[in-house]
There are 2 protein chains.
Amino acid sequence: MPMQTQRIQNDSEMQSVLKKGHKGNQSEIRPSDCALRTTNPIRNIVDRLQVPDEHLRRKKLLSLALGDPTAYLNPPDELIQAVENKLVGDKQNSINAFGYPPATGYDVAKAAIATRANHYNHKLFQELEGEGVNAPQQYSKEDVILASGCSGSLDLAIKVLCSATDTILIPKPGFSLYRTISTSLNLDIHEYRLIPELSWEIDLVELERFISTGEKRISAWIINNPSNPCGSVYSLKHLEGISRLALKYNIPLISDEIYEDMTFTPHIYIPMSIVHKGPLITCSGLAKRFLVPGWRIGWMLIHDGYVEEEGKSTTMQQVRKGLVDLAGLILGPNSLIQVALYDIFSNVPPTFYQNINAYLHNNSLLCTKILSDIPGLRVIPPQGTLYLLVSILPHHFPNFKDDVEFCQALLGEELVSCLPGSIFGADGFIRIVFAAPEDVLREALMRLKSFAGRHFQG
Amino acid sequence: MPMQTQRIQNDSEMQSVLKKGHKGNQSEIRPSDCALRTTNPIRNIVDRLQVPDEHLRRKKLLSLALGDPTAYLNPPDELIQAVENKLVGDKQNSINAFGYPPATGYDVAKAAIATRANHYNHKLFQELEGEGVNAPQQYSKEDVILASGCSGSLDLAIKVLCSATDTILIPKPGFSLYRTISTSLNLDIHEYRLIPELSWEIDLVELERFISTGEKRISAWIINNPSNPCGSVYSLKHLEGISRLALKYNIPLISDEIYEDMTFTPHIYIPMSIVHKGPLITCSGLAKRFLVPGWRIGWMLIHDGYVEEEGKSTTMQQVRKGLVDLAGLILGPNSLIQVALYDIFSNVPPTFYQNINAYLHNNSLLCTKILSDIPGLRVIPPQGTLYLLVSILPHHFPNFKDDVEFCQALLGEELVSCLPGSIFGADGFIRIVFAAPEDVLREALMRLKSFAGRHFQG
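These numbers were taken from a predicted model, which means no experiment stands behind them.

Parameters and conventions
Residues numbered from 1 in each chain as written. Chains lettered and ligands numbered in written order. Predicted model: local features only at pLDDT ≥ 70, side-chain atom pairs only at ≥ 80, totals over all residues. Heavy atoms only, no water. Least-squares fit on C-alpha atoms with pLDDT ≥ 70 in both. Contact = heavy atoms within 4.5 Å. Helix = DSSP H or I, 4+ residues; strand = E, 2+ residues; numbered from the N terminus. Salt bridge = Lys/Arg side-chain N within 4 Å of Asp/Glu carboxyl O. Buried < 20%, exposed > 50% of the residue type's maximum accessible area, 1.4 Å probe, protein only. Phe/Tyr/Trp six-rings, centres within 6.5 Å; stacked < 30°, edge-to-face > 60°. Lys NZ or Arg CZ within 6 Å of the ring centre and 35° of its normal. Axes fitted to C-alpha atoms, helices over the stretch in contact; angles between N-to-C directions. Parallel < 35°, antiparallel > 145°, perpendicular 65-115°, else oblique. Left-handed = near helix turned anticlockwise from the far one by under 90°. Nonpolar A, V, L, I, M, F, W, Y, C, P; charged D, E, K, R; others polar. Pairing = 2+ DSSP bridges. Expected span 1.5 Å × (residues − 1). Buried area = accessible area lost by both parts, 1.4 Å probe.

Enquirer: How should I be thinking about the relation of the copies chain B and chain A in this particular structure?
Expert: After a rotation of 180° and a shift along the axis of 0.0 Å, chain B superposes on chain A with an RMSD of 0.0 Å. With respect to symmetry, the two chain copies, as superposed, fit the operation of a two-fold axis. Of the residues that chain B buries at the interface, 100% are likewise interface residues in chain A, meaning the two copies contact each other through the same surface.

What follows is the structure, encoded as structure tokens:
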């Protein structure tokens with residue numbers, strides 16, 4: 001198929017090209033405004049991070065860049081078994097493993113998700129008693145909507161709450177998809193600041209100043225806990241602060257909790273739903289916890305607002321109806337995995353998660369130890385997930401204009417790939433994924449150390 | 001979780017409710033404009049088609065309503081086997097069965113789809129030689145984008161071509177999703193007429209009148225062949241007529257071919273891609289042909305325009321880039337099925353499709369025969385798919401205001417469920433799905449016959 005490479009700069013040029021097209025020669029079909037707005041900030045930067053082939057013959061490329069844990073870790077056997085049982089089981093009984101589920105998902109899958117969340121919340125509530133936490137609301141299957149991955153549930157959540165030109169609050173640093181989705185919907189994005197010195201807690205004072213003086217309709221506030229790329233896990237106290245602010249200004253929260261329970265002692269995963277009394281959509285999925293990100297099984301839990309002491313309730317009745325309508329556009333995730341969900345949750349033993357967390361915790365300690373010893377870098381120790389951010393102190397590395405140049409040179413000289421923090425709004429940082437086995441991690445960090453040593457200026 | 005049922009009528013009321021909310025009492029979170037626009041025309045009607053429990057004790061409910069073929073038909077064993085092999089195979093080699101594929105899909109899956117399309121087109125070209133068809137363009141993996149079901153690929157195709165307030169051409173009657181997606185994007189919808197007397201061919205004369213006099217930017221034209229709900233399969237001649245009109249006005253085509261190759265002798269499936277020389281996006285997927293609609297594996301094939309004799313080319317370079325960006329929003333379909341796709345296409349024997357087609361053809365003949373004998377109804381014989389439309393001649397059924405009332409009464413009296421044609425823009429018709437086994441079909445149609453006999457007025 002012949003591909004032409006003509007570039008169209010702007011609308012009027014596009015129109016003239018289109019008109020010319022009618023007379024012969026070449027024309028170009030114009031993409032929609034939405035397509036033109038939707039750009040992926042990662043790709044432009046990653047495209048600049050290429051390794052020449054001759055370098056690859058020198059030594060092995062080591063990647064600390066990929067956020068896909070399945071590069072090193074396998075999903076649990078019980079999950080594979082649960083899906084296989086539904087796949088090859090008696091077709092008469094497992095017919096719905098192949099057929100259309102309802103747009104929001106099978107009841108059996110939604111009930112499994114609600115039950116799992118209730119179970120965790122109830123257990124956590126008992127542990128936290130005495131810290132002033134109220135009994136958690138019980139989720140029912142009506143509060144669950146399945147989606148094509150956690151990305152799909154974030155897309156739905158943002159789309160149902162925010163109209164074009166509304167303001168949305170997203171974290172900086174933060175997962176780049178929040179920006180991509182918001183831009184595609186033509187939203188006005190306000191990036192709120194996370195404070196590295198406070199393990200990436202939100203600067204709530206600055207954020208309240210923005211909210212209280214703003215003229216704009218703020219229709220959603222995204223938080224991400226535990227966080228990619230920060231590796232932070234918020235305390236009960238900090239979550240309460242977030243909740244107070246959201247309640248005060250009646251802003252619905254979207255809590256991205258895809259890294260739920262990937263935390264390192266003494267940090268624990270506290271779902272926003274057991275803290276917050278305002279309207280809340282929690283997004284999660286199988287991707288990280290069960291190590292099957294490619295399966296695209298995500299969901300959201302919907303939580304109306306009710307503040308008993310004030311007799312004040314904020315319902316999401318219309319939002320729920322909107323979610324059902326929007327879910328009808330592409331009809332949820334794979335039915336085979338949906339019907340296996342209950343067994344997956346029931347059969348995977350707690351030791352599986354404990355082992356993964358112990359492995360990641362150990363790796364995070366190794367990273368923190370080695371990185372702390374490298375002059376000119378400053379690591380913020382992660383409290384969970386598989387990510388951490390390292391600050392590159394610019395006056396010590398005058399050879400590099402920014403974190404992108406730093407990563408480019410690191411890749412070229414040492415064949416170690418990391419993503420520049422600027423992809424995530426963390427300018428001057430690099431993001432390290434610590435899911436690789438210890439020996440790979442150690443070798444990669446040693447290369448980083450010798451690279452930094454060569455370029456450091458005291 | 002307490003659910004409130006207050007209804008919000010309009011924006012100003014919404015604002016007042018929101019303000020009141022701050023002072024206590026109850027407030028409601030307002031959904032986005034997009035969510036408010038996105039409504040599913042099926043649900044409102046289906047909600048009115050309920051059977052009281054006491055009727056269900058009388059006799060068995062027979063459904064000719066469900067478009068899900070897996071209610072009666074099983075997917076091929078070779079497909080199950082191919083997926084099982086990837087699921088339980090050596091984890092070291094099948095790691096990408098779990099991990100993130102690129103947003104547009106794995107290369108191996110895209111290559112499998114391109115090869116399959118090339119193979120069909122090449123074979124068909126040889127059969128059609130002498131009818132003035134040019135050699136088909138060869139698809140490469142760069143021309144393929146995977147999506148979450150054919151619905152997901154339609155959503156992407158429409159979203160990449162059409163900006164808010166652009167005009168889109170959709171068939172009437174037609175699959176209701178075209179309208180739902182277009183409405184969600186705030187497009188201006190023009191429904192073009194299909195002619196029942198000509199086996200639901202497009203009224204190209206009337207359509208050209210609209211296109212040529214319109215002031216609007218028409219950014220896409222959706223065709224559906226073979227068609228749900230019509231059961232029609234277009235001839236080469238008709239496809240050439242469509243192609244000429246699209247070329248003349250330089251309108252990109254979106255061809256929904258999810259029912260590809262589900263045709264009954266002597267009708268054959270002719271992909272638009274071997275007829276059309278203008279820009280074209282073909283949407284399809286595993287759903288119908290492989291009987292796994294719930295797996296949500298869809299794709300599109302992209303085809304630039306090139307008319308040799310005029311030296312005129314219309315590229316979709318920018319559209320392709322836009323598709324990659326938009327695909328990044330929710331990251332394609334399940335990786336497990338993606339990696340099995342090549343084996344699925346290779347291992348399922350042609351007899352599987354032949355048997356399904358023979359089964360459906362036989363059922364369609366049975367339906368046509370029985371329905372033709374019912375006074376007051378007029379059936380348009382299907383040429384493929386699993387659907388047909390029957391016209392209810394209104395002067396013979398004065399008891400019923402419309403097709404919805406007809407279907408309601410049929411359900412209440414005879415416990416036979418069919419969807420009213422008005423769901424698909426076929427007012428005065430009912431849609432019958434003929435995927436059920438012969439005995440079920442026969443029994444259901446006999447009940448329809450006695451129902452029609454009771455209400456017929458000569």
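Enquirer: Got a minute to help me understand unusual backbone geometry in this structure?
Expert: For residues besides glycine, phi is generally negative; the peptide bonds are generally trans as well. Omega for the peptide link from A:K172 to A:P173 comes to 0°, which places this bond in the cis form. Along the polypeptide, A:P173 turns up in the loop between strand 4 (167-172) and helix 8 (176-184). Geometrically, the link from B:N225 to B:P226 is a cis peptide bond, its omega value of -10° lying close to zero. Counting through the fold element by element, B:P226 comes out in the loop between strand 7 (218-224) and helix 10 (236-248). We note that A:N186 has phi near 60°; this positive angle belongs to a residue other than glycine.

Enquirer: Would you mind going over the pattern of salt bridges with me for this structure?
Expert: Once the charged atoms of two side chains with opposite charge are near each other, the side chains can pair. Residues and elements named next belong to chain B. The tally for this structure, following the rule as stated, stands at 38 salt bridges over all chains. The shortest N-O distance in the salt bridge between D33 and R30 comes to 2.8 Å. What makes D33 partly exposed here is its relative accessible area of 34%. For E438, the salt bridge identified is with R442, shortest N-O distance 2.9 Å. Here R442 and E438 lie together in helix 15 (residues 438-455), a separation of 4 residues that amounts to about one turn. A residue is classified by how much of its surface remains accessible, and E438, at 35% relative accessible area, is partly exposed.

Enquirer: Looking at this model, I keep getting lost on the packing of aromatic side chains. Mind explaining?
Expert: Residues and elements named next belong to chain A. Evaluation of the coordinates by the stated rule reveals 32 aromatic pairs over all chains. With a centroid separation of 5.7 Å and an interplanar angle of 85°, the aromatic rings of F290 and Y353 are classed as edge-to-face. One end of the pair, F290, is in the loop between strand 9 (280-285) and strand 10 (297-303); the other, Y353, is in helix 13 (residues 350-372), and 63 residues separate them in sequence. Like Y353, F290 is buried. Geometrically, the ring pair formed by W299 and F345 is edge-to-face, given 5.9 Å between the ring centres and 90° between the ring planes. With W299 in strand 10 and F345 in helix 12 (residues 335-347), this pair connects stretches of sequence that are 46 residues apart. Assigned by exposure class, W299 and F345 land together as buried. By the ring-pair criterion, three or more aromatic residues cluster together here, those being F290, W299, F345, F352 and Y353. Looking at R116, its charged tip hangs above the ring of F345, at a distance of 4.8 Å from the centre.

Enquirer: Mind showing me how you'd approach the packing of helix 13 of chain A against helix 15 (residues 438-455) of chain A here?
Expert: Helix-helix packing is described using two parameters, namely the angle between the two axes and the distance between the axes. Residue and element names in this part refer to chain A. Taken N-terminus to C-terminus, the directions of helix 13 and helix 15 make an angle of 15°; their axes are 10 Å apart at the nearest point. For the element pair helix 13 / helix 15, the angle class is roughly parallel. Crossing handedness for the pair helix 13 and helix 15: right-handed. Along its contact with helix 13, which presents N362, N363, L366, C367, I370 and L371, the element helix 15 presents E438, L441, R442, L445, M446 and L448. Here the contact of helix 13 with helix 15 is built from residues that sort into 8 nonpolar, 2 polar and 2 charged.

Enquirer: Any chance you could explain the sheet that holds strand 13 (residues 377-379) of chain A here in plain terms?
Expert: Where strands meet in a sheet, backbone hydrogen bonds hold them as pairs that are either parallel or antiparallel. All names here are of chain A. Pairing is antiparallel in the open sheet, where 4 strands are placed in the order 13-14-17-16. Edge positions in the open sheet fall to strand 13 and strand 16 (419-420), since each of these has one partner strand only. Taken together, the 5 bridges between strand 14 (residues 387-392) and strand 17 (residues 429-433) define a ladder with antiparallel strand orientation. What sits directly across from V390, in strand 17, is I430.

Enquirer: What's the story with the sheet that holds strand 3 (residues 144-148) of chain B in this structure? I'm lost.
Expert: All names here are of chain B. Reading across from one edge, 3-10-9-8-7-4-5-6 is the order of the 8 strands in this open sheet, with mixed pairing throughout. Each end of this open sheet is capped by a strand with a single partner; those strands are strand 3 and strand 6 (201-202). As paired strands, strand 7 and strand 8 (residues 253-256) are joined by 4 bridges and run parallel to one another. Bridging across to strand 8, I223 finds its partner in S255.

Enquirer: What am I meant to see in helix 13 of chain A here?
Expert: Because an α-helix packs 3.6 residues into every turn, residues spaced three or four apart end up facing the same way. All names here are of chain A. For helix 13, built from 23 residues, the straight-helix expectation of 33 Å at 1.5 Å per residue is met to within 8% by its first-to-last C-alpha distance of 33 Å. Those residues of helix 13 that sit buried are F352, Y353, I356, N357, L360, N363, S364, L366, C367, T368, I370 and L371. Tucked into the core, helix 13 has its buried residues touching strand 13, strand 14, strand 17 and helix 15.

Enquirer: Help me out: how do you make sense of the packing of helix 5 (residues 77-88) of chain A against helix 5 (residues 77-88) of chain B in this one?
Expert: The interhelical angle for the contact between helix 5 of chain A and helix 5 of chain B, taken along N-to-C directions, is 170°, at an axis separation of 10 Å. Put simply, helix 5 of chain A runs roughly antiparallel to helix 5 of chain B. Seen from helix 5 of chain A, the contacting residues are A:I80, A:V83, A:E84, A:L87 and A:V88; seen from helix 5 of chain B, they are B:I80, B:V83, B:E84, B:L87 and B:V88. Its residues placed into classes, the contact of helix 5 of chain A with helix 5 of chain B shows 8 nonpolar, no polar and 2 charged.

Enquirer: Looking at this model, I keep getting lost on the interface of chain B and chain A. Mind explaining?
Expert: Buried accessible area, meaning the area lost when the parts come together, often serves as the stated size of an interface. The partner chain A presents 103 residues to the 103 residues of chain B that form the contact. Counting the surface lost from both chain B and chain A, the interface buries some 8,500 Å², and carbon and sulfur atoms represent 56% of this. Put simply, chain B and chain A have 0 salt bridges between them. Counting residues per element, the side of chain B that touches chain A draws most heavily on helix 11 (residues 317-327) of chain B, which supplies 8 residues. Across the side of chain B that touches chain A, the residue classes tally to 44 nonpolar, 39 polar and 20 charged.

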